[in-house]
Amino acid sequence: MKKGMVFVYGIFMFLLAGCAQDSVVDVSGKTDGEFRVYQTLCMAVDTGDGFYYSDNEGFLKYFDYQAKKESLVCNKPNCRHDSWSESMPQEERCDAYVWTSRGFVTGGKLYLLEEGFWEDGAGTKLRIVESDLDRTGQREIQTLDGGMVTDFAVKDKILYVSVGQSEMMEMEGGGWQNSAKCRNKLYRVDLAEGLAEVLVEKEGFNSDIGIMGAEGDMLYLDFNYFEKEFDGTNFEEAKLHQEYYAYSLETKSMAKILQGKSLLPGTGTAITDGKFYGCMASGGKTAEEQNTSDLKKIDLDTGEEELIAHAKNLHMMESCALYEKTGEMGGFVYDFGQGKEIAASAMKLDNLYPYCQAGDYLYAALYDEKSQKYVTGFLALESLAEGEGGFISVGN
């Protein structure tokens, strides 16, 4: 599901066609006083007024929701906006080139999580860099031991980030090589003071700590690991273990939850008003049944479980899930905030790749029939069933 595992986020194909009834989806923005959980593997930051993202070449862009226009996030005079390497002097680097960094906005500042290697090559590190919203005034807040960032959550000026560090083996001819044994840490980073504290530490083969969601003073975590090294072919022998926890930030204690459950890796999760939303194997025997999964809602207090849908082409977003059902026309939107399913009978889910939610939009790539290429842009959530007319193309 995450970088520390061999799993990566699956990309589901969606195409919107035709017209249907209006879909009312709760996409109200969150404030600094609430948790924001980031489960994407790319730069994707909603500010309420706009959206930061990196293009295919690793340059940071900003899309203004009201103006419906994008801009390059670099104010450096006479900058050529070229990519750069670590050997390039700081004053010559383009501020917009962020490569594979991810980030977030809180307290009126933009923060980037920059993964790299220690100077001796023996392991990875994570730099947390603060700047103004236009990338000026950059300063390093903290450097953590580890990379392979999976999920992270932010509330006010506190960052909770999961990192992994593979055990390094020195090679006979010199240099270092990663092993499959990994040590995972969940950090609490005070962005105002620059102080970092390890809250949870675990280890295993091809292991990973993920943040499934956060509410109140609780973080909801998953820990995935193998008993033996997984080489891509020995799944049964290596034996995957999946554990789920509720971590109290107040008491710094951790308790197991969702015992006996097994979430499908890479499908995403959401937690809203004490309700957990996740995707599990359907257990079907036919080829059609095996192509579907069970979207479920579980009450974290009572354990009460509800099957929402036997879904295919499922994609979990921040406020809703998009999916199809076998034997039924069109697609469906399940609104987590309202706790209800919205049918969009004229909507076909095919050929649209939604990367993540961007406020009231989906940030996605749509296949253009004329050019036979994928076009990156934004699609309003409220017009999911209105076809390609609501798609705003950017950076193409």
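Residues numbered from 1 in each chain as written. Predicted model: local features only at pLDDT ≥ 70, side-chain atom pairs only at ≥ 80, totals over all residues. Heavy atoms only, no water.

K.L.:
I'd like a description of the nonpolar core, backed by residues and values.
P.N.:
In terms of nonpolar packing, the biggest core is built from 26 residues, with Phe104, Ile128, Phe152, Leu159 and Val161 touching the most fellow members. Of all elements in the fold, only β4 (60-64), β7 (109-117), β8 (124-131), β9 (139-145), β10 (152-155), β11 (158-170) and β12 (176-190) reach the threshold of two or more residues within this core. In terms of residues, this core owes the most to one element, β7, which gives four residues. When residues no more than four places from it in sequence are discounted, the contact partners of Leu159 are Phe104, Leu113, Ile128, Phe152, Ala153, Val154, Tyr187, Arg188, Val189 and Leu191. In terms of nonpolar packing, the next biggest core, distinct from the first, is built from 16 residues, Leu199, Ile211, Leu219 and Leu221 among them. (Core = buried A, V, L, I, M, F, W, Y, C linked by side-chain atoms within 4.5 Å. Buried < 20%, exposed > 50% of the residue type's maximum accessible area, 1.4 Å probe, protein only. Helix = DSSP H or I, 4+ residues; strand = E, 2+ residues; numbered from the N terminus. Contact = heavy atoms within 4.5 Å.)

K.L.:
Tell me about the sheet that holds strand β3 (residues 50-54), and name the residues and values.
P.N.:
Spatially, the four strands line up as an open sheet ordered β2-β3-β4-β5, and their pairing is antiparallel. The open sheet has two edge strands, β2 (44-46) and β5 (69-72), and neither has a second partner. Adjacent strand axes in the sheet meet at a mean angle of 20° when their direction is disregarded. As paired elements, β4 and β5 share four bridges and run antiparallel to each other. (Pairing = 2+ DSSP bridges. Axes fitted to C-alpha atoms, helices over the stretch in contact; angles between N-to-C directions.)

K.L.:
Give me the pairing of strand β19 (residues 293-299): which residues, what numbers.
P.N.:
Where a strand is regular, its side chains alternate between the two sheet faces. Of all seven residues making up β19, seven are buried, and the element is well covered by its neighbours. Neither face of β19 is open: one carries Ser293, Leu295, Lys297 and Asp299, the other Asp294, Lys296 and Ile298, and all of them are buried. In the sheet, strand β18 (residues 275-281) pairs with β19 via seven bridges, with the strands oriented antiparallel. In the strand pairing of β19, Tyr277 is matched with Lys297. Across six bridges, β19 lies against strand β20 (residues 305-316) in antiparallel orientation. Considered in β20, the bridge of Ser293 is made with Ala311. What sits between β19 and β20 in their antiparallel hairpin is a turn of five residues, with Gly303 showing a positive phi close to 80°.

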